[in-house]
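Tertiary structure, described
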Amino acid sequence: MLRKWKVIVPLALTAAGAVASGLAVLMQKLPKDEAPVSEPAPAARPANLRTGVYSFISGYQDAATVELSMDYDPEKFSFAIVEDEFLNYSSASHVAIVYGEEFNLQLEYAAYYSGEDFAAHSAALREKYSACNAYSCGALDGLWVLDGDNVAMHFPIPDDQHSYLLVTVQKTPGYDDEVTTLPDYAPLRELLSTVKFTRI
């Protein structure tokens, strides 16, 4: 009887070891649901980025200079400040224009009506346009509407009670989709995500 136990005990230990090894292998193969999912590394930004700057005076008695900056790839876009030959009619004295192969942008300051703020401006847009869409990208958080053949984006300017930013997006013959798809177009979002405001 003692001899049988001497044989059985090592066999039992060997079997237990095999089960433990099998479980360890199985656990390695199972997905680790509780393991933290690491964010993919951000794409490397082109080393040759340039920064376009558009400045304007906002306000009256408490006037301040607002400076808008935007980073762009000069191999894909050009940036210019113009006082005429606008892409779209503007009452501003000067606008910033970004020219690209698939779309062009016109960025300009626009004054609120007396007693208006961005909430009132947004309400007026919703009343005027049947389709008025929320839009957020980087520091920009506002609305866009289809205005003729262009997309018009309206954004409040931080800490500015007098002016808002109007971005007119115009598609070129190089863009082979509907103009209403431009707001979600990755190259446009990438460009707009670099916009920053500074009050001087």
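Up top is the structure these notes are about.
Along each chain, numbering runs from 1 in the same order as the chain's sequence is written. The model is predicted, so local features are restricted to residues of pLDDT at least 70 and side-chain atom pairs to those at 80 or more, both for listing and for counting; the totals for chains, interfaces and linings are taken over all residues. For side-chain calculations, the full set of non-hydrogen atoms in the structure is used, while hydrogens and water are omitted.

Remarks on the overall build of the protein
We count a stretch as a helix when DSSP gives it H or I for four or more residues in a row; a strand needs E for two or more, and each element gets its number in order from the N terminus. Broken down by element type, the protein carries three helices and 10 strands. Its helices and strands in sequence order give the protein the pattern α-β-β-β-β-β-α-β-β-β-β-α-β, from N to C terminus. Here the protein, with 200 residues, has 36% of them falling under the buried criterion. Remark: exposure states derive from per-residue accessible area (1.4 Å probe, protein chains only) relative to the maximum for the residue type, with buried under 20%, exposed over 50%, and partly exposed in between.

What to know about the sheet that holds strand β4 (residues 95–100)
In spatial order, the strands read β3-β4-β5-β9-β8-β7-β6; together these seven strands make up an open sheet with antiparallel pairing. The sheet is open, and its two edges are formed by β3 (77–82) and β6 (132–137), each paired on a single side. Going across the sheet, the axis of each strand differs from the next one's by a mean of 25°, ignoring polarity. In terms of strand pairing, β6 meets strand β7 (residues 140–147) through six bridges, oriented antiparallel. Two strands pair if DSSP finds at least two bridges between them. Axis definition: a line fitted to C-alpha atoms, limited for helices to the stretch in contact. Angles are taken between N-to-C directions and run from 0 to 180 degrees.

Some words on unusual backbone geometry
For E85, which is not glycine, the phi torsion reads 50° and is therefore positive. Checked against the element boundaries, E85 lands in the loop between β3 and β4. In this structure, D159 is a non-glycine residue whose phi angle is positive, near 60°. Note on D159: relative accessible area 70%, which makes it exposed.

Re the side chain of D71
Mapped onto the elements, D71 comes out in strand β2 (residues 64–72). Given the relative accessible area of 18%, D71 is considered buried.

A few points about the layout of surface pockets
Using only the protein atoms, space was sampled on a 1 Å grid; points where a 1.4 Å probe fits but cannot get out form cavities, open sets with protein on both sides within 12 Å along at least five of seven lines form pockets, and lining residues are those with an atom within 4 Å of a point. Grid points are joined across faces, edges and corners, and a volume is the space filled by probe spheres set on the points. The space that makes up the largest pocket amounts to roughly 630 Å³. Along the walls of the largest pocket sit 23 residues, with A110, Y113, H154, Y164 and L166 positioned nearest its centre. Put simply, the parts of the chain that give the lining of the largest pocket at least two residues each are β5 (103–111), α2 (118–128), β8 (150–156) and β9 (163–171).

Section: the packing of aromatic side chains
The relation between two aromatic rings is expressed through the spacing of the ring centres and the mutual angle of the planes. Only rings of Phe, Tyr and Trp enter the pairing, Trp through its six-membered ring, and a pair is recorded when the two centres are within 6.5 Å. The plane angle decides the type: under 30 degrees is stacked, over 60 is edge-to-face, the rest tilted. By the definition in use, this model includes nine aromatic pairs. Relative to Y109, the ring of F56 has its centre 4.8 Å away and its plane inclined at 10°; by these criteria the two rings are stacked. Of the two residues, F56 is situated in strand β1 (residues 50–58) and Y109 in strand β5; the sequence distance between them amounts to 53 residues. Under the relative-accessibility criterion, F56 is labelled buried at 3%. Summarising the aromatic geometry, the rings of Y112 and Y164 are spaced 5.3 Å apart at their centres and angled 35° between planes, so their arrangement reads as tilted. Of this pair, Y112 sits in the loop between β5 and α2 while Y164 sits in strand β9, placing them 52 residues apart in sequence. For the pair Y112 and Y164, one class covers both residues: buried.

Structural notes on the environment of L191
Along the chain, L191 falls in helix α3 (residues 186–192). The class of L191 is buried, set by a relative accessible area of 4%. With 119 residues separating them in the primary sequence, L191 and Y72 have C-alpha atoms 6.5 Å apart. Setting aside anything within four residues of it in sequence, one finds L191 in contact with M70, D71, Y72, F77, V98, F103 and L105. We call two residues contacting when some pair of their heavy atoms lies within 4.5 Å.

Without other data, these values stay purely geometric and don't point to any function.
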